[in-house]
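# Structural overview for review
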Amino acid sequence: MSHSSNALDDLCVNTIRTLSMDAVQKAASGHPGMPMGMADAAYVLWTKFLKHNPANPDWYDRDRFILSAGHGSILLYSLLHLTGYELSLEELKNLRQLDSLTPGHPEVHLTPGVETTTGPLGQGFATGVGMAMAEAHLAEKFNRDGYSITDHYTYGIVSDGDLMEGIAQEAASLAGHLKLGKLIYLYDDNEISIDGSTDLAFTENVQERFKANEWHTISIDGHDRQAVEDAVKEAQQVTDKPSLISCRTHIGFGSPNKQDSSASHGAPLGEEEIQKTKENLGWDYEEKFHIPDEVLAHFRQAKEKGAEENQQWKELFEQYKAGFPDQAEEFQGSVNRVLPADLDSFLPEFEADEEGMATRASSGKVIQKLSENIPQLIGGSADLTGSNKTWMDEAGIFSASNYGGRNIHFGVREHAMGAALNGMALHKGVIPFGGTFLIFSDYCRPAIRLAALSHIASVFVFTHDSIGLGGDGPTHQPVEHLASFRAMPNALVLRPADANEVAWAWKAALEYTDGPALLALTRQSVPTFERNADNRANNTLKGAYILADAGKDTPDVILMGSGSEVQLAMEARKKLREQNIDARVVSMPSWELFRQQDETYKQSVLPKEVTTRISVEAAATFGWREWVGSGGTAIGVDRFGASAPYKEIFERYGITADRIVDEAHKLLG
């Protein structure tokens, strides 16, 4: 018998197939076809190449494996169970059930060994590019001769559906440009999608497209295990290009009636067909979810091998520590996302100034200070560096010739940028940020949502945050975006009102690790407010605070807002005072942070007894009712913007101090 069809290998691969069939059948829903088709290739990758330690899934120098075709989750769960991760056979039997560790699509932080949340097609593909970028950066930064403390691959299984998504093209183009040689994807080329044969909608030459994107490409029979092994070895030898290995496979492999059919993609095969398939595969076991002893013993060698590799790395790192103590300390701090203890001390402080500056400009100054003091800060912009003010002097450009650089040019690829940030954050060792206009958050929203769902601490710098950007007009003026991000669980939205709030908003963003932090910043200048003991800018961390109080204990009216409109509330307060109306101004940079405060604090800022409240924000009013109450008024922009100098648009849309004064009079009767 030839090596490629070794009987034990056959049995191992068929164990993956039968577990997949049985689990999907028991769940009465799921995707058996892809796991059955990719079982050979995944088996070779996991037993012959993947460097991982099932007993320590977070070991830093492990290879990363991404199942971008997340619908085939049972393939990954089977491999995790078989190789010895903390994922029991019971969990496989509970596929897609409430509270199981085996949800319908893989979720990072839920299941040990899952590297990223996948399911929305293309996301895994692009997230892996971010992981490979982080690996390249940390290798260049910390490795020394004889001490490769960062030396691992990012592998993935991608599908026809992944490659049809636009994000995959963005990410493939970026990865090829950056020459990420340690990125190796196995493409499940089975020519079947949900609607039927892929040629209904997809007839391009995938190999040629990836060649054009400067990838190394290989085509093989995905069921020929020797060919898979040879292809991965070849891909590893090509160090200046990412690799795509097209594995021609049969979806639903072995199923007499559903192989090569979309019928096996997203539904159980049915008891009868499973029986026939098992016979067809020469599977002699009656019992469902059966794992032959010799199969388990073979797969579980991963535990011993992984523990050994992990131990060797630890010993190497101990020697590294002795030889390069400073680098070792910085490396450990970076991997554990340790922020400097004196972070507050180097946040810039800005003098009060009527003219002030755009919050994007003060953010640029803050980023500069942070980059000088936080060496793991890395990031850039989707081709808007000068507009987003994301440049870090002295940090170099991250490129194929300088992976040690920290300024990343993502190109006009907002979606890939968002997913790459997620990949970098998940990889650990860097704190990634990415910039674009707030309007173009639309182009990276699926990646932001996955960051929120997966508790990934990516930082987004969104400038040009309202109709205040003026002449570029409604195509570039965000209206509904703040409301939609505030509606997203785990997303931290920060819209600072002046330069000093910006500094503390950045601190809040860096300290937030439960999801993405989104900074919304202005294009137009805003005043830098006077500060005193009562309205210190560090109150930004509380989400809302009294910026200027009324002259008496209980104000007549509370004016509140965020970002560039807080100055209008301040102006209106002055005008109302001249009319003997006492107003309190509350700056609300972050609803999420304010909600986290205790009741006493919230009551001190927004006392229940004051129902005359007005909010002002140059964005959709949706959501402000929570703060102004049923008796209050929300001033905002509930229609699309216009192309004109920004002051004229504000005037036309009633986003003015005079309008606030008028509304206050109406409320006070």
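Residues numbered from 1 in each chain as written. Predicted model: local features only at pLDDT ≥ 70, side-chain atom pairs only at ≥ 80, totals over all residues. Heavy atoms only, no water.

Here is the rule we go by: UniProt positions are given in the numbering used here, feature names are shortened, and annotations may be inferred rather than shown by experiment.
Looking at an unreviewed UniProt entry, one finds the protein named Transketolase and attributed to Fodinibius sediminis. UniProt lists a comment for the protein under the heading Function (unreviewed entry), and it reads "Catalyzes the transfer of a two-carbon ketol group from a ketose donor to an aldose acceptor, via a covalent intermediate with the cofactor thiamine pyrophosphate." As its UniProt record puts it under Subunit (unreviewed entry), the protein is described as follows: "Homodimer."

## Concerning the sheet that holds strand 9 (residues 377-381)
Defined as follows: What makes two strands pair is DSSP finding at least two bridges between them. Only DSSP runs of H or I reaching four residues or more are called helices, and only runs of E reaching two or more are called strands; each is numbered from the N terminus. The angle between two axes is taken between their N-to-C directions and runs from 0 to 180 degrees, where each axis is a line fitted to C-alpha atoms and a helix contributes only its stretch in contact. Contact criterion: two residues are considered in contact whenever any of their non-hydrogen atoms come within 4.5 Å of each other.
If you walk across this open sheet you meet the six strands as 10-9-11-12-14-13, and the pairing is parallel. In this open sheet, the two edge strands, each paired with only one partner strand, are strand 10 (407-409) and strand 13 (492-494). The mean angle between the axes of side-by-side strands here comes to 20 degrees, regardless of whether they run parallel or antiparallel. With five bridges joining them, strand 11 (residues 431-437) and strand 12 (residues 459-463) adopt parallel strand pairing. Bridged to G435 within strand 12 is V461. The strands touched by helix 16 (residues 414-427) are strand 9, strand 10, strand 11 and strand 12; relative to strand 11, the strand with the most contacts, the crossing angle is about 165 degrees.

## Some details on the packing of helix 2 (residues 33-49) against helix 9 (residues 225-237)
Think of two packed helices as two axes; the pair is described by the angle between the axes and how far apart they sit. Note the threshold: Note on angle classes: values under 35 degrees are labelled roughly parallel, values over 145 roughly antiparallel, values of 65 to 115 roughly perpendicular, and the remainder oblique. The handedness criterion is simple: a crossing whose near helix is rotated anticlockwise from the far helix by less than a right angle is left-handed, and one whose near helix is rotated clockwise is right-handed. Polar here means any residue outside two lists: the nonpolar Ala, Val, Leu, Ile, Met, Phe, Trp, Tyr, Cys and Pro, and the charged Asp, Glu, Lys and Arg; Gly therefore counts as polar.
Where helix 2 contacts helix 9, the axes come no closer than 9 Å and their chain directions differ by 55 degrees. Judged by the inter-axis angle, helix 2 sits oblique to helix 9. The two elements helix 2 and helix 9 cross, and the hand of that crossing is right-handed. Residues D40, A41, Y43, V44, K48 and F49 of helix 2 form the contact with helix 9, whose own contacting residues are R225, V228, E229, V232, K233 and Q236. For the contact of helix 2 with helix 9, a count of residues per class yields six nonpolar, one polar and five charged.

## Brief notes about the side chain of H71
Keep this limit in mind: Any residue under 20% of the maximum accessible area for its type is buried, any over 50% is exposed, and the rest in between are partly exposed; the area is computed with a 1.4 Å probe on protein chains only.
Secondary-structure assignment places H71 in the loop between strand 1 (64-67) and helix 3 (73-83). What makes H71 buried here is its relative accessible area of 12%.

## Some remarks on the side chain of H81
Among the structural elements, H81 can be located in helix 3. Dropping the residues within four chain positions of it, H81 is found in contact with L87, S88, L89, L92, I291 and R300.

## Observations concerning the UniProt feature "binding site: substrate" (unreviewed entry) in the protein
As recorded in UniProt, the feature "binding site: substrate" (unreviewed entry) lies at H31, H265, R360, S387, H464, D472, H476 and R523. The named residues occupy 493 residues along the chain; their greatest pairwise C-alpha distance, 48.1 Å, places them well apart from one another. Classification of D472 by relative accessible area gives partly exposed; the value is 48%. Following the sequence through the fold, H476 ends up in the loop between strand 12 and helix 18 (481-486).

## Observations concerning the domain arrangement of the protein
Applied cut-off: Note that domain bounds follow an automatic or database assignment of domains. As a working definition, buried area equals the accessible area (1.4 Å probe) given up by two parts on being put together, with both sides summed. Distance and chemistry together define a polar contact, namely a pair of N or O atoms within 3.5 Å, with one atom able to donate a hydrogen and the other to accept it when in protein, and with adjacent residues in sequence counting only for side-chain atoms on both sides.
One can read the domain layout of the protein as domain 1 (2-254 + 267-306), domain 2 (343-528) and domain 3 (542-668). One C-alpha centre belongs to domain 2, the other to domain 3; they are set 25 Å apart. Each side of the interface is counted separately: domain 2 has 28 residues, and domain 3 has 30 residues. Broken down residue by residue, the surface that domain 2 buries against domain 3 is led by I467, R486 and R495, which jointly contribute 30%. Run the count over domain 2 and domain 3 and you get 14 residue pairs in polar contact (both at pLDDT 80 or more). Those elements that place two or more of their residues in the side of domain 2 that touches domain 3 are helix 18, strand 13, helix 19 (499-511) and strand 15 (525-528). A class-by-class count of the residues in the side of domain 2 that touches domain 3 yields 15 nonpolar, nine polar and four charged.

## Some points on the environment of D549
Inspection of the secondary structure puts D549 in the loop between strand 16 (545-548) and strand 17 (557-561). Note: C-alpha distance between D549 and R584 (35 residues apart in sequence) is 4.4 Å. For D549, the residues in contact, after removing those within four places along its chain, are R573, R577, A583 and R584. Side chain to side chain, D549 and R584 meet in a polar contact 2.7 Å long.

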